[in-house]
Structure formats: structure tokens, C-alpha cells
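As a plain string of letters, each chain reads:
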Amino acid sequence: MFASNVEELDEMIMEAAETERRLPPAMRKQKLASWPEYQTEWLNYGYVVYVPSLPKATTLQITKYEHTLDLLLEKCSDTDRRLLWAVAHSGAFRQRGPKWSVLARAYHQDRRTVKRNYLDALIRLHYTITKKHPKVL
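Residues numbered from 1 in each chain as written. Predicted model: local features only at pLDDT ≥ 70, side-chain atom pairs only at ≥ 80, totals over all residues. Heavy atoms only, no water.

1. Topic: the overall build of the chain
Okay, step 1: Tallying secondary structure elements over the chain gives five helices and zero strands in all.
Okay, step 2: Counting helices and strands in the order they occur from the N terminus, the chain gives α-α-α-α-α.
Okay, step 3: Across the 137 residues in the chain, those meeting the buried criterion constitute 26%.
Okay, step 4: Of the contacts made within the chain by residues no fewer than 6 positions apart, 70% connect residues no fewer than 24 positions apart. (Helix = DSSP H or I, 4+ residues; strand = E, 2+ residues; numbered from the N terminus. Buried < 20%, exposed > 50% of the residue type's maximum accessible area, 1.4 Å probe, protein only. Contact = heavy atoms within 4.5 Å.)

Spelled out as C-alpha cells, the structure:
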């Protein structure tokens, strides 16, 4: 289940972030004995927009998720792991990719610098996994 190139490694990390969002929450919300909120005006009845929830993660997705987490914990440094995971979560379920501007504000850097650091971390992880160029690391 190792990625053969950097693009597959990127897709594997993005898929792991999507799987994490599909998992049930760690803390369940307490159910209270109260009336549900409803619209006060009679014209608002029946016009509530339905937002479907995410489908649950399958066992194969959870297995890949655990493998990716183990890989990141064993082979990455702490700063690389945090950056890879932050980028993966900002780009999960998004067609256009990660939100580089939002990440740049969080890291107090330029968006191009954050993207370059992300690509460097991916390449470092790939070379650590494949052990092709020990002098680069």
C-alpha cells in the first residue's frame, strides 16, 4: 500500500483526511429534553433547506486511514506532519484543492511559501519511504 510516486502519496493523504471527516465524532452531543427550534412565522413553514450528512467511512477506507497515519507518525518530522495534515484537511471534499491563502494566514507566511513547504515535505516523505537518496535527507 506504499505510494509509488509523490502524486499518489498526496492523494493518499487527502483520502485519509476525507476519511477522518467521515468518522463519527469522538464526543457525542448530549440529547436534551426540549422542544426543537422552529420558525416563528407561518410563511416559513416547510422551507427548511435540507443538508445531507456525509456517508460513513467503509472498512477499507478506515484501514487506509490507519496505514496513512502510521506512515506519517513513523516517517515524518513533527512540522512536516502538521503541515501535511493541515493542507489535507483544508483540501478535503474540495474540487479546487487546498485553501492556500487560509493556510498562509495560519502559518504567517506567503501562500506560495506554504505550497512550496508542502511539496518539499511530500518529496521528503517519499524519499524517506523509498530510501532512494539518503544524501538528500
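2. Here we look at unusual backbone geometry
Okay, step 1: Located in the positive-phi region is F93, a residue other than glycine, with phi close to 60°.
Okay, step 2: Here F93 lies in the loop between α3 (78-91) and α4 (100-107).
Okay, step 3: Of the residues examined, F93 reaches a relative accessible area of 37% and is grouped as partly exposed.
Okay, step 4: Backbone geometry places H108, a non-glycine residue, at a positive phi of 55°.
Okay, step 5: Along the polypeptide, H108 turns up in the loop between α4 and α5 (111-130).

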